[in-house]
Amino acid sequence: MKQFLKYCGVPIILFLLVLMVSFWLHWNESFIFIISRYKSYITNMGRQESIGDSKENALEGCHPGIEWDKLQTTSLPNLKYTKPSALQLPRTDVNILTPWLAPIIWEGTYNYDIINEQFKQGNYSIGLVVFAVKKYVQFLPEFLRTAELYFMVGHKVHYYVFTDQPEAVPNITLKTNRFLHVVESEPYKRWQDVSMQRMESIHQHISNQFYKEVDYLVCADSDMKFNDYVGVEILDELVATLHPAYYGTERNHFPYERRGVSEAYIPADEGDFYYMAAFYAGTVKGIYKMTQVCYDGIQKDRKKGVEAVWQEESHFNKYLVYHKPTKVLSPEYIWDNGMGNRTILKKKRFIAVPKNHNEIRN
């Protein structure tokens, strides 16, 4: 026995020590695991107790002021209409969709009853902005008279008339929920300056007044008149109208600003359509951003002694190259009968009033 302990005692003792240390480490890890699970359990219990509050706080952080428990859904009325087809286009003689999936609005490509009922659910207001400075004030009576007949019928509308002759604004009888606001505007000597100043005026009045009263803005030239119904089909985040003289031409024929010195410069290999600044629309936010960029460009050009080839319209088109409109209006929404008729035009909704441009502008 003594011989056995002499040769084997030390290894046995070492083995027992290693065994005891291993057992202790294993037990300690288990203990730590149990403690950590217990702490996690306690923490989760606290979270479960306040999960409703956490969810509510998170929602309020994203959308303050919304009472989530009181949100309701509204249904469309029981409308009767022809079933749409998923395999056949409503019109095949014109393009109805841009490459960035913005619809091009033509008569026969939408059901107005459906979109009008959808729009009514939002209880929105629309502002119609028009500039009638100097001799252009003579077009106001016909503009407002036809707007009352055809523009946004059945919806709340605010007319914003910018003019240097407030006393010349006609006192017409407005329908229910239609309001007329006269805004004094400076009569610049050059018609080009009057044109370019519109971007600044619209931008300033959005932040001062428009945002309090309307959800959408439609901006139109005063030497035009409404000739057919123009409704909520024209409204979206940012809406532009195809120029009636260039809707079928290639980009190398567009009258873009091609001089690199101007802020309105568009390279020869860029651009989608040529839009006319006589009729455009958008949300208050969408128009605010557009007018800000265009006015900044006009100001930078002025400092360089440069004027874009088509003034505000050139800057407007530059903006739309890099900020695509979310909806495009066909030439139905800007037409001049002096250009004759086109078979693709089922309606002529907003048309030019015959006039001598040189006489009016000078």
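What comes next is a walk through the structure. All values derive from a computational prediction rather than experimental measurement.

### Notes on the overall build of the chain
No. 1: For the chain, the helix and strand inventory stands at eight helices and 10 strands.
No. 2: Long-range pairs, those at least 24 residues apart, make up 75% of the contacts in the chain with a sequence separation of at least 6.
No. 3: Accessible surface, the chain as shown: approximately 21300 Å² in total, 56% of it carbon and sulfur.

### A look at the nonpolar core
No. 1: One finds Val129, Leu217 and Phe316 to be the most contacted residues of the largest nonpolar core, which totals 37 residues.
No. 2: When contributions to this core are tallied by element, the ones reaching two or more residues are strand S2 (125-132), strand S3 (156-163), helix H5 (191-213), strand S5 (216-221), strand S7 (238-242), strand S8 (275-283), helix H6 (284-303) and helix H7 (311-322).
No. 3: The element that contributes the greatest number of residues to this core is H6, accounting for six residues.
No. 4: If we ignore the near neighbours within four places in the chain, the residues touching valine 129 are Tyr160, Phe162, Ile202, Phe210, Leu217, Val218, Cys219 and Ala220.
No. 5: Counting 36 residues, the second-largest nonpolar core is a separate cluster that includes Leu128, Val239, Ala278 and Leu329.

### A few points about the pattern of salt bridges
No. 1: Going through the model one piece at a time under the given rule, you end up with 15 salt bridges.
No. 2: Where lysine 347 meets aspartate 228, a salt bridge forms, and the shortest distance between an N and an O atom there is 3.5 Å. Of this pair, lysine 347 sits in the loop between strand S9 (327-329) and strand S10 (350-352) while aspartate 228 sits in the loop between strand S6 (224-226) and S7, and the two are 119 residues apart along the sequence.
No. 3: Classification of lysine 347 as partly exposed rests on a relative accessible area of 27%.
No. 4: A residue is classified by how much of its surface remains accessible, and aspartate 228, at 16% relative accessible area, is buried.

### Describing the layout of surface pockets
No. 1: Within this model, the second largest pocket holds a volume of roughly 440 Å³.
No. 2: Lining the second largest pocket we find 15 residues, and of these Pro84, Ser85, Pro90, Thr109 and Tyr110 sit closest to its centre.
No. 3: Residues belonging to the lining of the second largest pocket are distributed by class as follows: eight nonpolar, six polar and one charged.

### Brief notes about empty space enclosed by the protein
No. 1: Applying the stated rule across the entire model yields two cavities of 30 Å³ or more.
No. 2: In this structure, the largest cavity encloses a volume near 60 Å³.
No. 3: Along the walls of the largest cavity sit Val129, Phe131, Arg198, Ile202, Cys219, Ala220, Asp221, Ala277, Tyr280 and Glu312, which together make up its complete lining.
No. 4: Counting only elements with at least two residues in the lining of the largest cavity, the list comes to S2, H5, S5 and S8.
No. 5: A class-by-class count of the residues in the lining of the largest cavity yields seven nonpolar, no polar and three charged.

### With respect to the pairing of S2
No. 1: Most of S2 is tucked away, with eight of its eight residues classed as buried.
No. 2: With helix H4 (residues 140-150) bridging S2 and the parallel S3, this β-α-β connection has right-handed handedness.

So, how was this worked out
Residues numbered from 1 in each chain as written. Predicted model: local features only at pLDDT ≥ 70, side-chain atom pairs only at ≥ 80, totals over all residues. Heavy atoms only, no water. Helix = DSSP H or I, 4+ residues; strand = E, 2+ residues; numbered from the N terminus. Contact = heavy atoms within 4.5 Å. Areas by Shrake-Rupley, 256 points an atom, 1.4 Å probe, with all protein chains shown as cover. Core = buried A, V, L, I, M, F, W, Y, C linked by side-chain atoms within 4.5 Å. Buried < 20%, exposed > 50% of the residue type's maximum accessible area, 1.4 Å probe, protein only. Salt bridge = Lys/Arg side-chain N within 4 Å of Asp/Glu carboxyl O. 1 Å grid on protein atoms, 1.4 Å probe; cavity = no way out; pocket = protein on both sides within 12 Å on 5 of 7 lines; lining within 4 Å. Points joined across faces, edges and corners; volume = space filled by probe spheres on them. Nonpolar A, V, L, I, M, F, W, Y, C, P; charged D, E, K, R; others polar. Right-handed = clockwise from strand over helix to strand, strands pointing away.

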